[in-house]
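# Geometric and topological summary
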Amino acid sequence: MERALPIKVGVIGCGIGSFHLEGYAEEPRAKVIAIAGLEDRCQELANKFGVSRVYHDYRELLADPDVQAVSIAVPNYMHQEVTLAALRAGKDVLVEKPLAPTAAEGESMVAAAEETGRILMIAFNRRGRHDVELVKNEVEAGRLGRIYHARAFWMRRSGIPGLGSWFTTKSLAGGGPLIDLGVHVLDLALWIMGNPRPVAVSAATYAELGPRGKGQFFGSRFKVIEGAPYEVEDFATAMIRLDGGATLQLDASWAGYTSHTDEFGVSFMGDAGGAEIHVKDYAQIGTLRLFGEVGGMPAVTEPRLLPRHGHGWVIHRFIDAILNGKTESPSAEEGLDRVRLIEAIYRSAELGREIEI
Ligand SMILES: NC(=O)c1ccc[n+]([C@@H]2O[C@H](COP(=O)([O-])OP(=O)(O)OC[C@H]3O[C@@H](n4cnc5c(N)ncnc54)[C@H](O)[C@@H]3O)[C@@H](O)[C@H]2O)c1
């Protein structure tokens, strides 16, 4: 059956939910008709984006029969509860990363999408970057040859998103920078490589600055909750063995004595070429270098890049999926694979040795 356009959308959560609102504003096939969230800023966002219905609790938004699809941008510990309720209310769902704090919760979300026949996708918005698209295309065209090693990292000098908040509470977030930031670059590396299966991991985690009350994000919307414990790592490092023999080195940190405010990237070594994406302070241009040869001499190519809105890219694919009645990548299944790998990384760190997956 032809779907009437625009698809009517609800956005749940007014933190990163604002990026979803920006993304939908670029998508003529969808219109946000409702926002839900607990703070006054939700009304401000509604005014800014011309959204007429503002709900407090997410259940009120899900009870709105006009809402056909939702973006879920609530804390990690609520992803499962809100996703299950939305799918069962007949809504298609785009949920924020990580899929859930645990793989068990993520499995129930994937199962509910199958049972209800609704779309369930995950906001891996970094895939929408232009540098990422170019590297993905180079790898798929075989121009790097066989990739035997990749590196993924996200490092912050002082970027704990709220000392003492849900972010730093293990049961609410699922972990620290590994599940918060590492999940993005893990996803980029694995997706670009064609989703090879991880077979073993050797990892370590550290909590050095957070427990001493150091490393809070400067000048951001994230608040410090005085006296609340810091329960997660502030740095994680892992060596992951992939099916087929390639290796992936991952580092993720919210806080540490490193050089820059915020930097992330992925790089690939292939037997015919290499590629390196290195992003400082969320730069969109000047971030990609490709390594090859010209006349037998080492050569570096730095393509010109265009700025992109990552959430806009994901939302475009989400609307495609709704209209085609078929889930697109980034899918909830890929989100679940990443959480399973992250759980294995934490287990290896706890045991202090390599484990098979
Ligand atoms: N893709 C990205 O780049 C990116 C960036 C930041 C955060 N995130 C993810 O987005 C999610 C939210 O993170 P955040 O930084 O926006 O957190 P936040 O704590 O700033 O915001 C959470 C929002 O959820 C709302 N909420 C909580 N309970 C609710 C309820 N019962 N009904 C309706 N709304 C409710 C709050 O009112 C708030 O607006 C997390 O999963 C996080 O990992 C993704």
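Residues numbered from 1 in each chain as written. Predicted model: local features only at pLDDT ≥ 70, side-chain atom pairs only at ≥ 80, totals over all residues. Heavy atoms only, no water.

## Overview of the nonpolar core
One finds Ile12, Phe268 and Ile345 to be the most contacted residues of the largest nonpolar core, which totals 86 residues. Looking at which element gives the most residues to this core, the answer is helix 8 (residues 177–192), with 11 residues. Both domains that meet at this core, namely domain 1 (7–125 + 311–319) and domain 2 (127–309 + 339–356), each give it at least three residues. Ranked by size, the runner-up nonpolar core spans 25 residues in total, among them Val9, Leu21, Leu45 and Ile322. (Core = buried A, V, L, I, M, F, W, Y, C linked by side-chain atoms within 4.5 Å. Buried < 20%, exposed > 50% of the residue type's maximum accessible area, 1.4 Å probe, protein only. Helix = DSSP H or I, 4+ residues; strand = E, 2+ residues; numbered from the N terminus. Domains from an automatic or database assignment.)

## Re the packing of aromatic side chains
For the coordinates displayed, the defined rule picks out 8 aromatic pairs. Summarising the aromatic geometry, the rings of Tyr206 and Phe235 are spaced 6.0 Å apart at their centres and angled 25 degrees between planes, so their arrangement reads as stacked. Note that Tyr206 is positioned in strand 8 (residues 198–206) and Phe235 in strand 9 (residues 235–242), a separation of 29 residues in sequence. What makes Phe235 partly exposed here is its relative accessible area of 22%. (Phe/Tyr/Trp six-rings, centres within 6.5 Å; stacked < 30°, edge-to-face > 60°.)

## Observations regarding unusual backbone geometry
The linkage connecting Lys97 with the following residue, Pro98, adopts the cis geometry, with an omega of -15 degrees. Across the junction of Ser329 and Pro330, the peptide omega takes the value 5 degrees, indicating a cis bond. Secondary-structure assignment places Pro330 in the loop between helix 9 (310–324) and helix 10 (332–351). Notably, Asn195 is not glycine yet its phi reads approximately 55 degrees, a positive angle. Positionally, Asn195 belongs in the loop between helix 8 and strand 8. You can call Asn195 partly exposed: its relative accessible area is 33%. Phi angles above zero are rare outside glycine, and Asp281 is one such case at about 50 degrees.

## Here's the deal with the pattern of salt bridges
Under the criterion given, the structure shown has 23 salt bridges. Asp92 is the salt-bridge partner of Arg118, the closest N and O atoms lying 3.2 Å from each other. Taken together, the residues Arg118 in the loop between helix 5 (103–116) and strand 6 (120–122) and Asp92 in strand 5 (residues 92–95) connect sequence positions 26 residues apart. The class of Arg118 is partly exposed, set by a relative accessible area of 26%. (Salt bridge = Lys/Arg side-chain N within 4 Å of Asp/Glu carboxyl O.)

## Some thoughts on the pairing of strand 1 (residues 7–12)
Within strand 1, 5 of the 6 residues are buried, which leaves it mostly tucked inside the rest of the structure. In this structure, strand 1 lies alongside strand 2 (residues 30–36), joined through 6 bridges in parallel fashion. Paired with Val9 across the bridge in strand 2 is Val32. As a crossover connection, the stretch from strand 1 through helix 1 (residues 17–25) into strand 2 is right-handed. For strand 1 and strand 4 (residues 69–72), the ladder comprises 4 bridges, and the chain directions are parallel. Across the sheet, residue Val9 finds its bridge partner in strand 4, namely Ala69. (Pairing = 2+ DSSP bridges. Right-handed = clockwise from strand over helix to strand, strands pointing away.)

## Details of the state of the cysteines
Here the structure, examined in full by the defined rule, presents 1 disulfide. Between the sulfur atoms of Cys14 and its disulfide mate Cys42 the distance is 2.1 Å. Disulfide Cys14-Cys42: the torsion about the S-S bond is 115 degrees, which places it as right-handed. On the criterion of sequence distance, the pair formed by Cys14 in the loop between strand 1 and helix 1 and Cys42 in helix 2 (residues 41–49) is long-range, its members being 28 residues apart. Neither Cys14 nor Cys42 differs from the other in exposure class; each is buried. (Disulfide = S-S within 2.5 Å.)

Purely geometric numbers; function is a separate question.
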